[in-house]
Amino acid sequence: MKIRSIIALLLVAGLLWACETTDPLIRDAQISAQLMDYESALEYSEQALEADSSNALAHYYRGYALGGIAQETEPPSARRPYYEDMRGAMESARSFGDAMESRPGELDDIDDYIVSLWAYEHNAGAQIITDDSTRQATENPDETAIDHFE
């Protein structure tokens, strides 16, 4: 009798797990972001937004991808539009997430992500200004440092 109860419980748990709806585009955006394939993460999140423009996680992963693309973009002066779009996507994610009954945990990381990107740019600019060897190796060091700070 005990074994049947355990089997029944496992079947119910398995059924609930199997019926859970997860957006495959969001899953793919998340995996791509974790693998630092930001272009793919951006593409998946934008496809998810085409299907549902109020999808908080799609906005989040779009912003996350844009932040990653910005960091990889050279020269630093070309990063600003990506960061601006990232900020807008993260604000949309926050706004749509606040309206949800069950708020996704990723949205709690928005401020930390933005601060980490800001710190990266700040430190890159500060290194150009304070480290003579970096300064000499950088073309137009003052302008480049300002680009990082902006």
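Residues numbered from 1 in each chain as written. Predicted model: local features only at pLDDT ≥ 70, side-chain atom pairs only at ≥ 80, totals over all residues. Heavy atoms only, no water.

Now for the pattern of salt bridges. Summed over all chains, the structure comprises ten salt bridges. A salt bridge links Arg 79 to Glu 74; the shortest N-O distance between them is 2.9 Å. Owing to a relative accessible area of 58%, Glu 74 belongs among the exposed residues under this scheme. Among the ionic contacts, a cluster of salt bridges with common partners joins Glu 74, Arg 79 and Glu 121. (Salt bridge = Lys/Arg side-chain N within 4 Å of Asp/Glu carboxyl O. Buried < 20%, exposed > 50% of the residue type's maximum accessible area, 1.4 Å probe, protein only.)

The residue His 59 is located in helix H4 (residues 56-72) in this model. Those residues in contact with His 59 that sit more than four places away from it in its chain are Leu 49, Ser 53, Ala 89, Ser 92, Ala 93 and Phe 96. (Helix = DSSP H or I, 4+ residues; strand = E, 2+ residues; numbered from the N terminus. Contact = heavy atoms within 4.5 Å.)

The subject of this paragraph is helix H2 (residues 24-34). Restricting attention to buried positions, one finds in H2 the residues Ile 26, Ala 29, Ser 32 and Ala 33. The buried residues of H2 occupy an angular sector of 125° when projected down its axis, which confines them to one face. Its buried side turned inward, H2 meets helix H3 (38-51) and H4. Two or three places before Leu 25, at the start of H2, stands the capping residue Asp 23, its side-chain oxygen 2.9 Å from that residue's backbone nitrogen. Backbone geometry just downstream of H2 places Met 36 in the positive-phi region, at approximately 60°. (Arc of directions from axis to C-beta. Polar contact = N/O pair within 3.5 Å; in protein donor to acceptor, adjacent residues only side chain to side chain.)

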